[in-house]
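Summary of the model geometry
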Amino acid sequence: MKFITEDELRYLYRKEPFTTYKPEPGTRLTPGGRQFLLDRGIDMYDEQKSTPIIRESLTQEICCPSANPGHNYPKKTEETQEAPPEQPAATVAAAAAPAAPKVPKKCNWRTKMVRTKLCSVDALFLKTEQLLLENDILMAQNLSRLGKQFSDIRHMVEGKGIATNMPCKECSGIKCENFSEDLEDCFEITDFHVQLENGKEILALHQLRCALREIEPAMLQAFEGNDAAIGPCMDAIGKINQIINTVSQMICGAVGGKECQRRM
């Protein structure tokens, strides 16, 4: 008995393609050869009409219950198939209609922006105070008092309390009459100040001062056109300016000791 292999069939097919194949007497196809013919749709005329070899992927699909749950179960005829339970017309219509987009709860994003900004600066006060505690306890205590004042302003803006004015410690550039105003920095912070012995503290205070200055434009935008809120808004901004100017004095003290460094 001679077996015809896939390689032999592949050679014959390349030499001259064919659509039917009839093995010679005394020969049989190997499984690989039979699969080669089946893959190309070539009719086979031999006495062996056995089931073609099933690929592994198809075997899993047919024989694995998880892949084909209906396998080995009798298929219901049209008479025996159970009709799906009837559903109310309203339920069917609701299921067929596309889901409406969820409308977000209406909120004033400008007011939310102010609240989140105040919260961020409140956290920055704590972070800066923690840094100052490592080298200058007195400066950390002064900043802690400013942080409590800022928390009172934050609660006032949120309608949860009141905030009082800070006492003004006058210097050559900051007086009681301009203590609540937006005064520019006493001097520009550069890499020179960062290289000083207390440069880390100076930079931390400057970063806090910059964050405090970002609150005013956010509040003005949030309460623009609201005549009832503009008065309390300006009062809060004035109290924040008092903190900013006090931080500026702390920076001057860290750079030049008791001498005021403000440029007039």
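An account of the accompanying structure is given in this report. For clarity, every value in this text was computed on a predicted model and none was experimentally measured. (Residues numbered from 1 in each chain as written. Predicted model: local features only at pLDDT ≥ 70, side-chain atom pairs only at ≥ 80, totals over all residues. Heavy atoms only, no water.)

1. Here we look at the nonpolar core
Here is the rule we go by: Side-chain atoms within 4.5 Å are what join buried Ala, Val, Leu, Ile, Met, Phe, Trp, Tyr and Cys residues into a set we call a nonpolar core. Working definition: with a 1.4 Å probe on protein chains only, accessible area under 20% of the residue-type maximum means buried, over 50% means exposed, and in between means partly exposed. Contacts are assigned to residue pairs with any non-hydrogen atoms lying within 4.5 Å of each other.
Of all hydrophobic cores here, the largest spans 43 residues; its most connected members are Phe 125, Leu 212, Met 219 and Ile 243. Those residues in contact with Met 219, other than ones at most four positions away along the chain, are Val 114, Val 157, Cys 233, Ala 236, Ile 237 and Ile 240. Ile 4, Phe 36, Ile 42 and Met 44 belong to the second largest nonpolar core, which has 9 residues in total.

2. Here we look at the packing of aromatic side chains
Here is the rule: Here a Phe, Tyr or Trp ring, Trp counted by its six-membered ring, pairs with any other such ring whose centre lies within 6.5 Å, and the pair is stacked when the planes are under 30 degrees apart, edge-to-face when over 60, and tilted otherwise. Secondary structure elements are taken from DSSP: a helix is a run of H or I of four residues or more, a strand is a run of E of two residues or more, and numbering for both begins at the N terminus. Look at NZ for Lys and CZ for Arg. If either is within 6 Å of the ring centre and within 35 degrees of the ring normal, a charge sits over the ring.
Considering all chains together, one arrives at 4 aromatic pairs under this definition. Taking 6.1 Å as the distance between ring centres and 85° as the angle between the ring planes, the aromatic pair formed by Tyr 13 and Phe 36 counts as edge-to-face. Of this pair, Tyr 13 sits in helix 1 (residues 6–15) while Phe 36 sits in helix 2 (residues 31–39), placing them 23 residues apart in sequence. Among the residues examined, Phe 36 registers a relative accessible area of 2% and is labelled buried. Taken together, Tyr 13, Phe 18, Tyr 21 and Phe 36 form an aromatic cluster joined through their ring pairs. The residue whose ring lies beneath Arg 40 is Tyr 13, and the NZ or CZ to ring-centre distance is 5.9 Å.

3. So, helix 9 (residues 215–222)
So the rule is basically this: Comment: arc refers to directions from the helix axis out to C-beta atoms.
Regarding helix 9, the residues found buried are Ile 215, Ala 218, Met 219 and Ala 222. Each buried residue of helix 9 sits inside an arc of 95° when the element is viewed along its axis, so together they form one side. Elements that come into contact with the buried residues of helix 9 comprise helix 5 (109–133), helix 6 (137–157), helix 8 (199–213) and helix 10 (227–256).

4. With respect to the packing of helix 5 against helix 6
Helix-helix packing: each pair is described by the crossing angle between the helix axes and the interaxial distance. Defined as follows: All axes here are fitted lines through C-alpha atoms, helices being fitted over the stretch that makes contact, and every angle between N-to-C directions spans 0 to 180 degrees. In what follows, roughly perpendicular refers to angles from 65 to 115 degrees, roughly parallel to angles under 35, roughly antiparallel to angles over 145, and oblique to any angle outside these ranges. Crossings are assigned a handedness: left-handed for a near helix turned anticlockwise from the far helix by less than a right angle, right-handed for a clockwise turn. Classification convention: Asp, Glu, Lys, Arg as charged; Ala, Val, Leu, Ile, Met, Phe, Trp, Tyr, Cys, Pro as nonpolar; all other residues, Gly among them, as polar.
Remark: helix 5 packs on helix 6, axes separated minimally by 9 Å, with the N-to-C direction vectors making an angle of 165°. Comparing their axes, helix 6 and helix 5 come out roughly antiparallel. Seen from above, helix 5 lies across helix 6 with left-handed handedness. Here helix 5 contributes Val 114, Leu 118, Cys 119, Val 121, Asp 122, Phe 125, Thr 128, Glu 129, Leu 132 and Leu 133 to the contact with helix 6, which in turn contributes Ile 137, Met 139, Ala 140, Leu 143, Ser 144, Leu 146, Gly 147, Phe 150, Ser 151, Arg 154 and Val 157. Considered class by class, the residues forming the contact of helix 5 with helix 6 number 14 nonpolar, 4 polar and 3 charged.

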